[in-house]
Amino acid sequence: VGDGVTDSDLRWEYPVVGVAEALPMDNVFKFSSKCRSEFVQTLSLPLYQADLDLSTEKFTHEVVFPENHPHINALRSAVVVQAAYDEPRVQGDTVKVEYIVTFTPLRTFTAAVELLIRKKTGGLWRFELRFEALPPPPDDTI
């Protein structure tokens, strides 16, 4: 009993969907500020292995907070990351993006977050940002 289909005619095809992720960087970017103070710093990040032709590329960013952190709400309200420029810049043979990191803690804590940079046509870079909120200065002396 056969229908004329042989084993060599049978094929299963599945689309492969994936994101090319750059190798993780060893360097950790650290930010420290006293409570009730504002700390602002421009962060220049190299996007290794990125295509140097940026004419059609769009980049987005996302800050990933640790959901199990005991002070997650304080962390979310204390950390703001904004793109410094609309487009990345080429310096030598490296693509660099710049972000303005604002850290305004209201309570003491330490935490690490991930900054994810995504390229619209595919590509992902991860950077670790560590934040330390120190005790505030005394309000007054007696």
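Up top is the structure.
The structure reproduced in this document is the subject of the present report. Everything numeric in this text was worked out from a predicted model, so none of it was measured.

Observations concerning the overall build of the protein chain
Per the secondary structure count, the protein chain includes one helix and eight strands. The linear arrangement of helices and strands in the protein chain, starting from the amino end, is β-β-β-α-β-β-β-β-β. For a compact globule of 142 residues, the expected C-alpha radius of gyration is about 14 Å, and the protein chain comes in at 22 Å, more than 25% above that figure. For the protein chain, the C-alpha atoms occupy an extent of roughly 100 × 45 × 25 Å along the three principal directions. Looking at the protein chain as a whole, 31% of its 142 residues qualify as buried. If you sum the accessible surface of the protein chain, you get close to 10000 Å²; carbon and sulfur atoms cover 50% of it. Distance from the positive charge centre (14 side chains) to the negative charge centre (21 side chains) of the protein chain: 7 Å.

Notes on the pattern of salt bridges
In a structure, side chains of opposite charge can pair up when their charged atoms sit close to one another. For the structure on display, the rule yields five salt bridges. A salt bridge links Arg-126 to Glu-21; its shortest N-O distance comes to 2.6 Å. In this pair, Arg-126 is assigned in strand E8 (residues 124-134) and Glu-21 in the segment before strand E1 (29-34), connecting sequence segments 105 residues apart. The partly exposed category is assigned to Glu-21, whose relative accessible area is 42%. Here Arg-76 ties to Glu-67 by a salt bridge, and the two come within 2.4 Å at their closest N and O atoms.

Overview of the packing of aromatic side chains
Applying the stated criterion across every chain, the model contains six aromatic pairs. Ring centres of Phe-31 and Phe-131 lie 5.0 Å apart, and the angle between their planes is 20 degrees; this geometry places the pair in the stacked category. You can see Phe-31 sitting in strand E1 and its partner Phe-131 sitting in strand E8, a full 100 residues away along the chain. Overall, Phe-31 belongs to the buried group, its relative accessible area being 3%. The class for Phe-131 is buried, based on a relative accessible area of 1%. With a centroid separation of 6.1 Å and 80 degrees between ring planes, the pair formed by Phe-103 and Phe-109 is classed as edge-to-face.

Quick word on unusual backbone geometry
Positive phi is not limited to glycine here, since Arg-36 has a value of about 65 degrees. Considering the arrangement of structural elements, one finds Arg-36 in the loop between E1 and strand E2 (39-47). Phi is positive for Gln-49, close to 70 degrees, though the residue is something other than glycine. In this structure, Gln-49 sits in the loop between E2 and strand E3 (59-64).

Considerations on empty space enclosed by the protein
On inspection of all chains with the given rule, the structure shows one cavity of 30 Å³ or more. One number sums up the size of the largest cavity: a volume of about 50 Å³. Broken down by element, the lining of the largest cavity gets its largest block of residues, three residues, from E8. In terms of residue class, the lining of the largest cavity is built from eight nonpolar, no polar and one charged.

Rules used throughout
- Residues numbered from 1 in each chain as written.
- Predicted model: local features only at pLDDT ≥ 70, side-chain atom pairs only at ≥ 80, totals over all residues.
- Heavy atoms only, no water.
- Helix = DSSP H or I, 4+ residues; strand = E, 2+ residues; numbered from the N terminus.
- Rg over C-alpha atoms; globule rule 2.2 N^0.38 Å.
- Buried < 20%, exposed > 50% of the residue type's maximum accessible area, 1.4 Å probe, protein only.
- Areas by Shrake-Rupley, 256 points an atom, 1.4 Å probe, with all protein chains shown as cover.
- Lys, Arg positive; Asp, Glu negative; His and termini not counted.
- Charge placed at Lys NZ, Arg CZ, Asp CG, Glu CD.
- Salt bridge = Lys/Arg side-chain N within 4 Å of Asp/Glu carboxyl O.
- Phe/Tyr/Trp six-rings, centres within 6.5 Å; stacked < 30°, edge-to-face > 60°.
- 1 Å grid on protein atoms, 1.4 Å probe; cavity = no way out; pocket = protein on both sides within 12 Å on 5 of 7 lines; lining within 4 Å.
- Points joined across faces, edges and corners; volume = space filled by probe spheres on them.
- Nonpolar A, V, L, I, M, F, W, Y, C, P; charged D, E, K, R; others polar.

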